[in-house]
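Topology and contacts: notes
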Amino acid sequence: MRLLRLGDDPIFQFVDGDTAVHRLDPRTKILWLGIVTVLAVFIHRPDLLLTLFFLTLVPLAISRVPMYQLRLILFFYAFIFIGTTISQGFFYQPLTGPPPDVLFWIISPDMPFLGAFTGGVSFTLQGALYGFIQGFRILSMLNASVTLVMTTPVNRIMAGLRELRLPFTFMFMLTTAVRFVPTIIEEYRTIANALKVRGVAKNPLRLVQYSMSPLILNSVRRCSQLALAAESRAFGSLADRTYYTSVKFGTGDRVSWICIGISSVLLVWLSLAG
Amino acid sequence: MSLRTDPITTRSSQENRIIISPKPYFSTTDIIVISMFGALGIVIGILGNVLHGVSGLLFIGPFLLHTLLPGIVVFACAATVRKAGTATMYSLIVSLIAMPLMGAPLFIVMYVAQGLLIDGFTLAIKDRMWSRWGIIPAATVYGIAGILILYYVVLGASGLVFPEWVVIPSIPLNLVFAIPAALVGLKIGQRAITTLGG
């Protein structure tokens, strides 16, 4: 996943390795991501959210994340915690029980117009704590996503999706889109450099504004060549296809299914139990 | 929405080179054009999610990152291919790759719903969609649906609650970004058609 880099800052990318998580079938990791997303949405108890978060850390820990990726993950953790804590500190209102203790007001209820419109905006400790706990919900999904992306090369993810019976044309579109990403980034860099040389783009927003149109048009021009190349190779003419990459379930996958199954059932049961 | 591809055609001269197929199903070029826009959407989606933490802090963030830039690309894609199903295919590509990649799988719902709404408009008003007055209602629905799904589905499912006085002013503010995005997208789509045909 090295191709998914923006500028010089790496985004979560595939890290080659030979750990138990790396060897898993991509379908197992896709299943894990799906189950974690569903559980993260439906679990409401803080202790269970925390449990889910720690559970999602297990495959991540097994996959031996390199330090530079760990720093990136921690950066995201910090961003998410700060975002959820501050936003809920200001906006959280409990549905039942007494109103939360106000630490400070930024819009007093007495303020003309805004005070009446908003009913007052204050930062509350309960809200901040609530937001901090909700951060674990988002981080659980982030951990499951990162596990999939960092331990599975794109071609295996595609093979996994293919085995999940997604239509071939859609798979082709996904693969082509992923293939186009570095081309688009390279194209953007060329256009941005040209704009900088002409002194047009000192403002980053202006840079995006002026580069969007040539970026899309240059890429569209390339599309027609690619379409001709695809058709000359008889794209779409054969119903049965063969594939270079294949995926297969192994013992590790079966063990993972059992672990995922047990932990999911336990979490759902504890969540329903109250 | 058919995913059948165009049969192989022999193009003997430049004059016969029909790039965007007028047929109701997706031609090879349609598929590749959607993929290319999908790639651009992935880049923008990743950027959006990288800055998502900031967007939670700055009020203007969600409109710029989740409406303006993705709006330009999705409308440009739909206006280039001009077939029902285009926006949904684009949205699926972008959301299935970019959102799990950045740890935000809940955004898949928002992208797919917006894609379906744009395609619904394409089906309902057909070629009138590709004019200023056709695309503005679609952009309005896109903008309203986007902000409601963002607050009530994506953030709601994440456990984050926002009072109505935040959601209600966000709707017109989001439209301020959604409508220009659609108009810019339409303009780019028209230029892209000229580029492909020329």
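Residues numbered from 1 in each chain as written. Chains lettered and ligands numbered in written order. Predicted model: local features only at pLDDT ≥ 70, side-chain atom pairs only at ≥ 80, totals over all residues.

1. So, the overall build of chain B
Looking only at helices and strands, chain B features 7 helices and 0 strands. For chain B, the succession of helices and strands along the chain, N to C, is α-α-α-α-α-α-α. Residues counted as buried form 56% of the 198 residues belonging to chain B. A separation threshold of at least 6 residues defines the contact pool for chain B, and within that pool the share at least 24 residues apart is 72%. (Helix = DSSP H or I, 4+ residues; strand = E, 2+ residues; numbered from the N terminus. Buried ≥ 20, exposed ≤ 12 C-beta atoms within 10 Å, placed from the backbone. Contact = placed C-beta atoms within 7 Å.)

2. Thoughts on the overall build of chain A
Of regular secondary structure, chain A possesses 10 helices and 4 strands. For chain A, the N- to C-terminal ordering of α and β elements is β-β-α-α-α-α-β-α-β-α-α-α-α-α. Against the 2.2 N^0.38 benchmark of 19 Å for 274 residues, chain A shows a C-alpha radius of gyration of 24 Å, more extended than a compact globule. In terms of overall dimensions, chain A has C-alpha extents of about 70 × 60 × 35 Å along its principal axes. A burial count over chain A gives 34% of its 274 residues as buried. A fraction of 76% describes how many contacts in chain A between residues 6 or more apart in sequence connect residues 24 or more apart. (Rg over C-alpha atoms; globule rule 2.2 N^0.38 Å.)

3. Looking at the interface of chain B and chain A
Every contact between the two is made by 48 residues of chain B and, on the other side, 60 residues of chain A. Those elements that place two or more of their residues in the side of chain B that touches chain A are α1 (28-50), α2 (52-57), α3 (61-81), α4 (86-101) and α7 (164-197) of chain B. Element by element, the count of residues in the side of chain B that touches chain A is highest for α1(B), at 15 residues. Split by residue class, the side of chain B that touches chain A holds 35 nonpolar, 12 polar and 1 charged. (Nonpolar A, V, L, I, M, F, W, Y, C, P; charged D, E, K, R; others polar.)

4. Overview of the pairing of strand β4 (residues 121-124) of chain A
All names here are of chain A. Going residue by residue along β4, you find S122 and T124 tucked away on one face and V121 and F123 left uncovered on the opposite face. When strand β3 (residues 102-107) meets β4, the two strands line up antiparallel, connected through 4 bridges. Within the sheet, the bridge partner assigned to F104 lies in β4 and is F123. (Pairing = 2+ DSSP bridges.)

5. Observations regarding the environment of A:H22
Residues and elements named next belong to chain A. Relative to the helices and strands, H22 resides in helix α1 (residues 20-23). H22 gets classed as buried once you count the C-beta atoms within 10 Å, which come to 20. For the pair H22 and H44, spaced 22 residues apart in the sequence, the C-alpha separation amounts to 31 Å. Sequence-distant contacts of H22, that is, excluding residues within four places in its chain, are made with G17, S63 and T151.

6. Some thoughts on the packing of helix α2 (residues 26-42) of chain A against helix α10 (residues 251-273) of chain A
Residues and elements named next belong to chain A. Running from N to C, α2 and α10 cross one another at 5 degrees; their axes reach a closest spacing of 11 Å. Comparing their axes, α10 and α2 come out roughly parallel. Side by side, α2 and α10 meet where T28, L31, W32, I35, L39 and F42 of the first sit next to D253, S256, W257, I260, S264, L267 and S271 of the second. By residue class, the composition of the contact of α2 with α10 is 8 nonpolar, 4 polar and 1 charged. (Axes fitted to C-alpha atoms, helices over the stretch in contact; angles between N-to-C directions. Parallel < 35°, antiparallel > 145°, perpendicular 65-115°, else oblique.)

7. Some details on the packing of helix α3 (residues 46-62) of chain A against α10(A)
All names here are of chain A. Relative orientation of the contacting elements α3 and α10 amounts to 170 degrees, with a least axis distance of 11 Å. The angle between α3 and α10 places the two elements in the roughly antiparallel class. Each of L48, T51, L52 and L55 in α3 lies in contact with α10, whose residues at this interface are S263, L267, L270 and S271. Across the contact of α3 with α10, the residue classes tally to 5 nonpolar, 3 polar and no charged.

8. Observations concerning unusual backbone geometry
Residue and element names in this part refer to chain A. Its identity is not glycine, yet R64 carries a phi of approximately 50 degrees, on the positive side. Checked against the element boundaries, R64 lands in the loop between α3 and α4 (67-91). With 15 C-beta atoms counted inside 10 Å, the residue R64 sits in the partly exposed group. In the Ramachandran plot, F113 falls in the positive-phi region, its phi being about 60 degrees despite a non-glycine side chain. Here F113 falls in the exposed class, since 8 other C-beta atoms lie within 10 Å of it.

9. Points about the nonpolar core
Core analysis: the largest hydrophobic core is formed by 87 residues, its most contacted members being B:F75, B:A76, B:C77, B:I93 and B:A182. If we skip the residues at most four places from it in the chain, B:I93 touches A:M173, A:L174, A:A177, B:S35 and B:G38. Ranked by size, the runner-up nonpolar core spans 26 residues in total, among them A:L39, A:L49, A:L55 and A:L139. (Core = buried A, V, L, I, M, F, W, Y, C linked by C-beta atoms within 7 Å.)

10. Some details on the environment of B:G115
Residue and element names in this part refer to chain B. Of note, G115 is situated in helix α5 (residues 107-125). A residue is classified by how many C-beta atoms lie within 10 Å of it, and G115, with 25 of them, is buried. In this structure G115 touches A87, T88, Y90 and S91, once residues within four positions along its chain are discounted.

11. Observations regarding the environment of A:T190
Structurally, A:T190 is set in helix α8 (residues 168-197). A:T190 gets classed as partly exposed once you count the C-beta atoms within 10 Å, which come to 14.

12. Some words on helix α6 (residues 125-151) of chain A
Its 27 residues give α6(A) an end-to-end C-alpha distance of 39 Å, which sits within 8% of 39 Å, the value for a rise of 1.5 Å per residue. Counting buried positions over the 27 residues of α6(A) gives 22, a clear majority of the element. (Expected span 1.5 Å × (residues − 1).)

13. Focus: the confidence of the model for chain B
Overall, the prediction assigns chain B a mean pLDDT of 81, with 78% of residues at 70 or greater. Model confidence for chain B, summarised as mean pLDDT per element, is weakest for α2(B) at 53 and strongest for α5(B) at 92. (pLDDT = per-residue confidence, 0-100.)

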